[in-house]
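Chain by chain, the residues run as shown.
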Amino acid sequence: MQRSLLLAITTLVSSFIHAQTYFYIDAIMIQPAVPTTADVVSIDLVGNLSSTGASVVSASAEVVGTTVTVSIHVMDVGGLAVLVPHTETVVVGQLPAGDYTVVIVGQYVADMAHTVDHFFTVAGTACDLLDIVSVQWHAFTDTMIVVHAQNNNPDVLFDYPNFILFDANGDTLAKETVNFFGIAGDSWHMLRVQDGAMIPNAPFNGTLELWTLFTADLACSWSAPFDLCPPEPCATLIPMIQNFGGALTIGTYSWSISDDGGEVASGIFEMTDQLQFDSDTICIPAGNYGMVVIPNDPPTGGNPVFNVSTEGWISGPSQPVAWALPVVMPFTFYEHCIDGTNAVAETAAITASVLVQDGSLLICRSDARPLGPVKMYDTLGKVLFNSTTTSNTLHIPVGGITTGLVLVQVGDHVQRVLVP
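Reference entry: report on the structure contained in this document. Since the model is a prediction, treat every value here as computed from it, not as a measurement.

**So, the overall build of the chain**
- A tally of helices and strands in the chain yields 1 helix and 31 strands.
- By residue count, 39% of the 420 residues in the chain fall in the buried class.
- Long-range pairs, those at least 24 residues apart, make up 62% of the contacts in the chain between residues at least 6 apart in sequence.
- A total accessible area of about 22,100 Å² is found for the chain, and carbon and sulfur atoms account for 56% of it.

**Topic: a nonpolar patch on the surface**
- Taken together, the side chains of Val57, Met75 and Val77 define a hydrophobic patch exposed on the protein surface, amounting to about 270 Å² of accessible area.
- Inspection of the secondary structure assignment puts Val77 in the loop between β4 (67-76) and β5 (84-93).

**So, the state of the cysteines**
- According to the stated counting rule, one finds 3 disulfides in the structure shown.
- The partner cysteine of Cys229 in its disulfide is Cys337, sulfur to sulfur 2.0 Å. What sets the handedness of the Cys229 and Cys337 disulfide is the S-S torsion sign, and at about -95° it is left-handed. In this pair, Cys229 sits in the loop between β15 (217-226) and β16 (235-243) while Cys337 sits in the loop between β24 (329-333) and β25 (352-357), placing the two residues 108 residues apart along the sequence.
- Between Cys234 and Cys283 runs a disulfide, and the two sulfur atoms are separated by 2.0 Å. In this structure the cystine formed by Cys234 and Cys283 twists about its S-S bond by roughly 100°; its chirality is therefore right-handed.

**Notes on the pattern of salt bridges**
- Enumeration according to the criterion identifies 1 salt bridge in this entry.
- Asp195 is the partner of Arg192 in a salt bridge, and the nearest nitrogen-oxygen pair spans 3.4 Å.

**A word on the nonpolar core**
- Ranked by size, the top nonpolar core spans 47 residues in total, and within it Ile145, Met291, Phe331 and Phe333 carry the most contacts.
- In contact with Ile145, not counting residues within four places along its chain, are Val135, Gln136, Trp137, His138, Leu165, Ala174, His189, Met190, Leu191, Val193, Ile199 and Leu228.
- Counting residues in each nonpolar core, the second largest holds 26 residues, with Ile43, Ala54, Val102 and Val109 among its members.

**Concerning the side chain of Thr332**
- Counting through the fold element by element, Thr332 comes out in strand β24.
- A polar contact is formed between the side chain of Thr332 and the side chain of Asn288, at a distance of 2.9 Å.

**Overview of the pairing of strand β8 (residues 119-122)**
- A one-sided burial pattern is seen for β8, the buried positions being Phe120 and Val122 and the unburied ones Phe119 and Thr121.
- Sheet analysis places strand β6 (residues 98-105) next to β8, joined by 4 bridges and oriented antiparallel. Counterpart to Tyr100 in the pairing with β8 is Phe120.

**Comments concerning the sheet that holds β8**
- Reading across the sheet, the 4 strands line up as β3-β4-β6-β8 and stay open at both edges, with mixed pairing between neighbours. The open sheet is flanked by β3 (54-64) and β8, the only strands paired with a single partner. Shown here is a sheet whose adjacent strand axes are inclined to one another by a mean of 25°, direction ignored.

**Describing the environment of Val92**
- Secondary-structure assignment places Val92 in strand β5.
- Val92 sits in the buried class, given a relative accessible area of 19%.
- A sequence separation of 49 residues divides Val92 from Ile43, and the C-alpha atoms of the two residues are 7.2 Å apart.
- Once you skip the residues sitting within four places of it in the chain, Val92 turns out to touch Val41, Ser42, Ile43, Ala61, Val63 and Val68.

**What about the sheet that holds strand β7 (residues 109-111)?**
- Spatial ordering of the open sheet is given by β5-β2-β1-β7, a layout of 4 strands whose pairing is mixed. With partners counted over all chains shown, the strands left at the sheet margins are β5 and β7, one partner each. Averaged over all neighbouring strand pairs, the angle between strand axes comes to 35°, with direction disregarded.
- Where strand β2 (residues 41-49) and β5 come together, 9 bridges link them in antiparallel fashion. Bridged to Leu45 within β5 is Glu88.

**Let's talk about the environment of Ser51**
- The residue Ser51 is located in the loop between β2 and β3 in this model.
- Exposure remark for Ser51: the relative accessible area of 4% places this residue in the buried category.
- Residues Ser51 and Val82, spaced 31 residues apart in sequence, show a C-alpha to C-alpha distance of 4.9 Å.
- Filtering out sequence-adjacent residues up to four positions away, Ser51 remains in contact with Asp76, Gly79, Leu80, Ala81, Val82 and Val84.

Here is what the cut-offs are and how they apply
Residue positions are given per chain, counting from 1 as you read along its sequence in written order. In keeping with the model being predicted, local features are shown solely for residues with a pLDDT of at least 70 and side-chain atom pairs are shown and tallied solely at 80 or more, while totals for entire chains, interfaces and linings include all residues. The side-chain quantities take in all heavy atoms of the structure and omit both hydrogens and water. Going along the chain from the N terminus, every DSSP run of H or I of four or more residues is numbered as a helix, and every run of E of two or more is numbered as a strand. Think of it in three bands: with a 1.4 Å probe and only protein chains considered, a residue is buried below 20% of the maximum accessible area for its type, exposed above 50%, and partly exposed in between. Contacts were defined at the residue level, with two residues in contact if any of their heavy atoms lie within 4.5 Å. Here the Shrake-Rupley method, with its probe set to 1.4 Å, supplies the accessible areas, and only the displayed protein chains count as covering residues. The residues that make up patches have over 30% relative accessible area and no salt bridge, and they are joined within 9 Å when like-charged or within 5 Å when they are Val, Leu, Ile, Met, Phe, Trp or Tyr. We count a salt bridge whenever a side-chain nitrogen from Lys or Arg sits within 4 Å of a carboxyl oxygen from Asp or Glu. Criterion for a disulfide: a pair of cysteine sulfur atoms within 2.5 Å. To qualify as a nonpolar core, a set must consist of buried Ala, Val, Leu, Ile, Met, Phe, Trp, Tyr and Cys residues joined through side-chain atoms within 4.5 Å. Whenever a nitrogen or oxygen atom comes within 3.5 Å of another N or O atom, the pair is scored as a polar contact, on the condition that within protein one atom can donate a hydrogen and the other can accept it, and that pairs from neighbouring residues in sequence are kept only if both atoms are in side chains. For two strands to be treated as a pair, DSSP must find no fewer than two bridges joining them. In this description, a line fitted to the C-alpha atoms serves as the axis of each element, helices being fitted only across the stretch in contact, and the angle between N-to-C directions of two axes falls anywhere from 0 to 180 degrees.

Below, the structure written as structure tokens:
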């Protein structure tokens, strides 16, 4: 009997000790009161300590999903038993947009805050509604990087915007010159690669910043890995024809695109009295290509011109339709990505074609770069023609110079040609 009574008293005393409260929480306040995803969120626990000897030893917050659990450890070393007002601030950090619940855990703590104090909402900012769809090389030049942005907030336009791309060291890689009043819906932004910038040869960690008001205010910032090459195995290309003349162009045109391995795509353009342009959409890998457009009907007027472009109507090279022998339009598609993601640029062997055309030799370089030094020899090694050009095409008049077999040298490329 005595033993049972002693056990009961011991249990009661133990329960009393563990039921002691050293910190009474009367209110939970979120700082700032209306937080956004751009804010560092803090939680103020407002209440009273149980005595002058009570104190908060530690307090921390853990976020799992939308639950913020505040763990708090309180102790009392003894003191005057009077209530001491106390506010304990716990830093949570930046949070994604959403509705959150606060849960208080810990011994010697009494959570007496109102139910509504345990809930708060983090609102999204204008930057959260601005999607960066892609950051990639310009498809037809290595001097530009293209940012595709999509603004889903009609109330914020980011007045006079420009993007800047930095590498992991904070060095400026590419910068946009202000060209728009704002960003509305889909928009495509051209960032010029800065002089001397070392663009990484593979996906890299960097920061993309959006500035407004002519680079006066920093509006948004994204730190992430960037891959400047389009996803494999291919990227969108839009071959197109359009009439730039003053008269109507009516008829059909056969078009084809080829690489060193042969034809990769082909089709038919058609222009009518109601529609003076036509286009197609294909998907091809990065590489060096040539496009040919052949009219299927006699000329009816106007000035038909064909070209290639990508999504966002980002244009590449263009060329008038030839009504005699077809003229190849060479172009390079995502040069830095030809050998894979952000491939190291190497000096490629020159690929040139030599055609006999109207009493002359037409020499074209397929990668759109300058031909440079061009020489023509007879079979005995005599130099018949010697010139250097900055164009990617060259006409050599051969009438009166020679007939028969000649050798044409463009850089390291040598081709035998039979001159009639």
